Amino acid sequence: MRADKRISTVFLDLDGTLADTAPDLARALNALRLEEGLEPLRYEQIRASVSRGSSALVHLAFGETLEEVRFADLRQRFLDLYQSGLCVDTRLFPGMAETLAYMESTGLGWGIVTNKPAWLTDPLVATLGLDGRAACIVSGDTTVDRKPHPAPLLHASDLAGALPQHCIYVGDDPRDIQAGNAAGMTTLVARYGYIHEGLDPAGWGADGIIDEIREIRAWLPAPDRARSSGG
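Within any chain, residue numbers begin from 1 and follow the written order of that chain's sequence. Only residues with pLDDT of 70 or above have their local features reported here, since the model is predicted, and side-chain atom pairs are shown and tallied only from 80 upward, although totals for entire chains, interfaces and linings are computed over all residues. No hydrogens and no water enter the side-chain calculation; it runs on all heavy atoms of the structure.

### Let's talk about the overall build of the protein
Piece 1. Numbered from the N terminus, helices here are DSSP runs of H or I no shorter than four residues, and strands are runs of E no shorter than two. For the protein, the helix and strand inventory stands at nine helices and eight strands.
Piece 2. Computed over C-alpha atoms, the radius of gyration of the protein comes to 18 Å, within 12% of the 17 Å expected from 2.2 N^0.38 for 231 residues, which places it in the range of a compact globule.
Piece 3. Considering only C-alpha atoms, the protein reaches an extent of 60 × 35 × 30 Å along its principal axes.
Piece 4. Taking contacts inside the protein between residues at least 6 apart in sequence as the whole, the part at least 24 apart equals 67%.
Piece 5. Surface accessibility in these figures is a Shrake-Rupley result with a 1.4 Å probe; residues are shielded only by whichever protein chains are displayed. Just so you have it, the protein exposes about 10100 Å², and 49% of that area is on carbon and sulfur atoms.
Piece 6. Counted charges follow a simple rule, with Lys and Arg positive, Asp and Glu negative, and His plus the chain ends left uncounted. For the purpose of locating charges, the reference atoms are NZ of Lys, CZ of Arg, CG of Asp and CD of Glu. In the protein, 22 side chains carry a positive charge and 32 a negative one; their mean positions are 5 Å apart. Radius of gyration means the value over C-alpha atoms here, while the globule rule gives 2.2 Å times the residue count to the 0.38 power. Any two residues whose heavy atoms approach within 4.5 Å at even a single point are treated as in contact.

### Section: unusual backbone geometry
Piece 1. Here the amide bond leading from Lys147 into Pro148 is cis, since omega sits at 20°, within 30 degrees of zero.
Piece 2. With respect to the helices and strands, Pro148 occurs in the loop between β5 (137-138) and α7 (151-160).

### Remarks on the packing of aromatic side chains
Piece 1. Between rings of Phe, Tyr and Trp, where Trp is taken as its six-membered ring, a pair exists when centres lie within 6.5 Å; planes separated by under 30 degrees are stacked, by over 60 edge-to-face, and by other angles tilted. The full count for this structure, using the stated rule, is two aromatic pairs.
Piece 2. Pairwise contacts between aromatic rings join Phe93, Tyr192 and Tyr194 into one cluster.
Piece 3. Lysine and arginine charges are scored as sitting over a ring when NZ or CZ, respectively, is within 6 Å of the ring centre and within 35 degrees of the ring normal. The cationic tip of Arg217 hangs over the ring face of Tyr102; the distance from NZ or CZ to the ring centre is 3.9 Å.

### A look at the side chain of Thr106
Piece 1. Looking at where Thr106 falls in the secondary structure, it is placed in the loop between α5 (96-105) and β4 (109-113).
Piece 2. Three exposure classes are used, based on accessible area relative to the maximum for each residue type with a 1.4 Å probe and protein chains only: buried under 20%, partly exposed in between, and exposed over 50%. A relative accessible area of 4% means that Thr106 is categorised as buried.
Piece 3. At 3.1 Å, the side chain of Thr106 forms a polar contact with the backbone oxygen of Met103. Identification of polar contacts relies on pairs of N or O atoms within 3.5 Å, with a donor-acceptor requirement for protein atoms, meaning one able to donate a hydrogen and the other able to accept it, and with residues adjacent in sequence counted only if both atoms are side-chain atoms.

### Observations concerning the pairing of strand β6 (residues 167-171)
Piece 1. Taking burial as the measure, the five residues of β6 include five buried ones, the bulk of the element.
Piece 2. Residues Cys167, Tyr169 and Gly171 line one face of β6 and the alternating positions Ile168 and Val170 line the opposite face, and both faces are buried.
Piece 3. Any two strands are treated as partners once DSSP identifies two or more bridges connecting them. By the bridge criterion, four bridges tie strand β1 (residues 9-12) to β6 in an arrangement that is parallel. When the sheet's bridge partners are listed, Phe11 is paired in β6 with Tyr169.

### Regarding the pattern of salt bridges
Piece 1. Take a side-chain nitrogen of Lys or Arg and a carboxyl oxygen of Asp or Glu: if they are within 4 Å of each other, that pair is a salt bridge. By the definition in use, this model includes twelve salt bridges.
Piece 2. For Asp211, the salt bridge goes to Arg191, with nearest N and O atoms at 2.6 Å. One end of the pair, Asp211, is in the loop between β8 (208-210) and α9 (223-228); the other, Arg191, is in the loop between β7 (186-190) and β8, with 20 residues separating them in the sequence.
Piece 3. Of the residues examined, Asp211 reaches a relative accessible area of 40% and is grouped as partly exposed.
Piece 4. Bridged by salt links that share partners, the residues Asp13, Lys147 and Asp176 form one connected network.

Shown next as structure tokens:
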């Protein structure tokens, strides 16, 4: 654990890192299963797969061997159901609001980099009251490539006016760490997020692991230096 005086910007994954979106995603997925005549899945089972994205959730609910057209139809219906209840029970993770305020008060920038499509990301972030505060919001369809490719993170650093090596990326999936490392950023695993049972984040190659978001302060420059640091 080390503070880096060069850090100027922190980027956060959305689902499972910035916000606890699993309750609304689980409700949509189980609503789809009910439409298809199936029993609901356990919430814990769904939660563990949320950070893997909508495709993984559809496969979880309906199996890995779906025909292409059937899969596409189910995925779109799932996303439509999710959009209709996008931010009912979704909340920022404990300590996140205070941590964002702390970074802002010390002159650090922060942004969001997610594989979630913009038509879901943007209204969700707005409902959470964060759209006017983030230095940038990079969604899964903002760049041609998605995580684990580094392109979204490199684009985020350009938008924020920060050098990648002066940035931290926090995520709860191996793809987050792979993307952050490839972009040349400091990477932290959010162990409080949606990490599937049996996965060991210690082997993901991150620079560190945090059990709650408040712990990120140990990786940030002192407040007086943060105010004067630049991209």
